[in-house]
Amino acid sequence: MGSDRDADVDILIVGAGVTGIYQLYRAREAGYSVQMVEQGTGVGGTWYWNRYPGCRYDSESYTYGYFFSAELFREWEWTEHFAGQAENERYFNHVVDKFDLRRHIRFNTKVASAVWDAASATWLVTGEGFSTRTRYLVAATGVLSVPFYPDVPGRESFRGEAYHTGLWPKTPVDFAGKRVAVIGTGSSGVQVIPVIAPEVASLTVYQRTPNWATPLNNRPITAQEQAELKASFPAIRDAVGKSPSGFLHTHSDKSTFDDSPEERQAFYERVWRLGGFGKIISNYRDMTLNPEANAEWSRFVAAKIRAAVDDPATAEKLIPTDHGYAGKRPPYVTDYYEAFNRPNVELVDLKQTPITAVTETGIGTAAGLREFDIIVWATGFDFGTGALSRLGAVGRDGLPLKEYWADGPLTYLGLMCHHFPNFFFPGGPHGAAGNNPRYSGDQSDFIAGVIDFAREHGHPVIEVPKALEDEWTNMVNEAAYTISPFKEISYFFGTNIPGKAKAFLLNSLGRPKLLQMMETAVKSDYDGFFPAPGTPGTPDSPGATDSPDSTQATGR
Ligand code: NA7
């Protein structure tokens, strides 16, 4: 029978990003012994690794940050409605220090394997110079944390400087007077391009597929707004807590064709001026679902692109033709299209002239070789399952997670899966809408609750029943094609990674459904989550052997 003597810690959390830090706070507050491991040398996750010029939130700063402490909310003054990377990283450092969490974090530690041991009902988690046995394993490893480099011939032969936006160096990159290539025009590419354009000698943008970029509408938070934010903390916390999207943007109850063409134009102009995701959330309620409504808004955005870009041929290349607005994750930008009016910026359409090779000096396409000093790879991530599949997690009966998920993730509420007892992944695939901290916070709360319940009732093993996993996974996969606006060309289906199974990787059912399912589980006292002694995976099951040699546990 597993006992607390078998574990070095109660809870081991992997990843010091927005989700992991909150889970760490909750675990520590509840009195568990808790250890966090983090691959980097600092906290912040996304806001630690993505340091490229122009990197910033496209969710409002104050709804992205935490709500668990009124004092934290009131003392931290965001400078902008959409704060930049350096400020975001400072925020997470502030949180970790304010709540004395840093002493639980072991940096420079990458998990190489995590193996379930049924006999002791613990996970043995190891990495280079690190080995810990934990009762519960929480992988807060992020959905956008494994950078993707396309397999372009010669990529590594380039002798100039090369950077991936998701692995940006801590020392500033000197772009002044350099010949620079940016490959990729997703959310990262469109942030970096306008910021470096004024500095560089030349900027060549390699675009395979254009995205529907609309204004972020960022601005400083005024002293008056600052005071209002502080004064309204409980109201904001409650509104965000209840919001179906996790944002403060209000939902419109009108459908597109309820309005006349003139009213629609005026409405669109108002929506255009909203911050970030207001373009989706506060748009006509049928904008993402009714193809004609979607085409109408997309035409409006296309007209804005044509108005912003001086050269009509360049403007046409920048307008998506393979998907309508929100068919893929739309980026939010500041002066992106305007950058193409600069004489030193040029757009290369890879649909017309694909990259054939990277050479020692530059990039070759069908149109010839261009030489560069710096290449920026803004080519995205192995979304959703990338980090979890690389964790080396091996569950009950020796089943690797990577194998279990070979055809796509199987999850319960995007936070746990059958066959993997005492294992949780808040913010994981099927749980969130992208990387929204409100969803992952809901998941962390649920995880904290089920662990508390198991502790109180003396259950050594928590494992979600297969039927509940099937129910959620099937609902998510079905709604991916009905409720979700995203098309199969989106990386939300994993299709940006060669060889990856095509499967939906977000929560297509939305936050209300997630919360409702959680409530059902809590109200049933987590019915079915605690396998009876003797069933597979529990300490006294027939297959469970003595605990592997725990003398190798070091590093703490
Ligand atoms: P994205 O949104 O996945 O964008 C990656 C970009 O890289 C996209 O424009 C891709 O074009 C392009 N790409 C990928 N492979 C290639 C090759 N082989 N050749 C040329 N271009 C290529 O990643 P981001 O980092 O921008 O944003 C990720 C998330 O971060 C974002 O959604 C926010 O949540 C924050 P494609 O569209 O595939 O033709």
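Peer 1: So what's going on with the side chain of S252? Which residues, and what values?
Peer 2: Position of S252 among the secondary structure elements: in the loop between α8 (233–242) and α9 (261–272). You can call S252 buried: its relative accessible area is 17%. At 3.1 Å, the side chain of S252 forms a polar contact with the backbone nitrogen of K254. Not counting residues within four places of it along the chain, the set of residues in contact with S252 comprises F267, I281, S282, N283, Y284 and R285.

Peer 1: Run through the side chain of N283, naming residues and quoting values.
Peer 2: Summarising the element assignment, N283 is placed in the loop between α10 (278–281) and α11 (291–308). Contacts of N283, omitting those with residues within four sequence positions, involve S252, F267, Y268, V271, G278 and W297.

Peer 1: Run through the sheet that holds strand β12 (residues 345–349), naming residues and quoting values.
Peer 2: One open sheet accounts for five strands, arranged β7-β16-β8-β9-β12; its pairing is parallel. Strands with a single pairing partner mark the edges of an open sheet, and in this sheet they are β7 (161–164) and β12. Neighbour-to-neighbour, the strand axes of the sheet open up by a mean angle of 15 degrees, direction not taken into account. Summarising the sheet, strand β9 (residues 202–207) and β12 pair through five bridges and their orientation is parallel. By the bridge assignment for β12, Y206 is matched with V348. Its contacts with the sheet place helix α6 (residues 187–196) against β8 (179–183) and β9, and it is angled at close to 160 degrees to β8.

Peer 1: Before we move on, can you summarise the layout of surface pockets with the specific residues and values?
Peer 2: Volume-wise, the second largest pocket comes out at about 840 Å³. W49, T141, G142, S145 and A387 are, among the 41 residues lining the second largest pocket, the residues nearest its centre. Of all the elements in the fold, those that place two or more residues in the lining of the second largest pocket are α1 (18–29), α2 (46–49) and α16 (437–457). If one sorts the elements of the lining of the second largest pocket by residue count, α2 sits on top with three residues. Broken down by class, the residue content of the lining of the second largest pocket amounts to 20 nonpolar, 18 polar and three charged.

Peer 1: Break down the pattern of salt bridges for me, citing the residues and quoting the values.
Peer 2: Overall, the coordinates contain 33 salt bridges when judged by the stated rule. Of the charged contacts in the structure, one is a salt bridge between K254 and D259, with a shortest N-O distance of 2.7 Å. Taking relative accessible area as the criterion, D259 reaches 7% and is therefore assigned buried.

Peer 1: Which residues make up the packing of helix α17 (residues 466–479) against helix α18 (residues 511–523), and what values do they have?
Peer 2: Where α17 contacts α18, the two axes come as close as 13 Å, and the packing angle between them is 170 degrees. Classified by the angle their axes make, α17 and α18 are roughly antiparallel. Together, E471, W472 and M475 of α17 and K513, L514 and M517 of α18 make up the contact between the two elements. When the residues that make up the contact of α17 with α18 are grouped by side-chain class, the tally is four nonpolar, no polar and two charged.

About the cut-offs
- Residues numbered from 1 in each chain as written.
- Predicted model: local features only at pLDDT ≥ 70, side-chain atom pairs only at ≥ 80, totals over all residues.
- Heavy atoms only, no water.
- Helix = DSSP H or I, 4+ residues; strand = E, 2+ residues; numbered from the N terminus.
- Buried < 20%, exposed > 50% of the residue type's maximum accessible area, 1.4 Å probe, protein only.
- Polar contact = N/O pair within 3.5 Å; in protein donor to acceptor, adjacent residues only side chain to side chain.
- Contact = heavy atoms within 4.5 Å.
- Pairing = 2+ DSSP bridges.
- Axes fitted to C-alpha atoms, helices over the stretch in contact; angles between N-to-C directions.
- 1 Å grid on protein atoms, 1.4 Å probe; cavity = no way out; pocket = protein on both sides within 12 Å on 5 of 7 lines; lining within 4 Å.
- Points joined across faces, edges and corners; volume = space filled by probe spheres on them.
- Nonpolar A, V, L, I, M, F, W, Y, C, P; charged D, E, K, R; others polar.
- Salt bridge = Lys/Arg side-chain N within 4 Å of Asp/Glu carboxyl O.
- Parallel < 35°, antiparallel > 145°, perpendicular 65-115°, else oblique.

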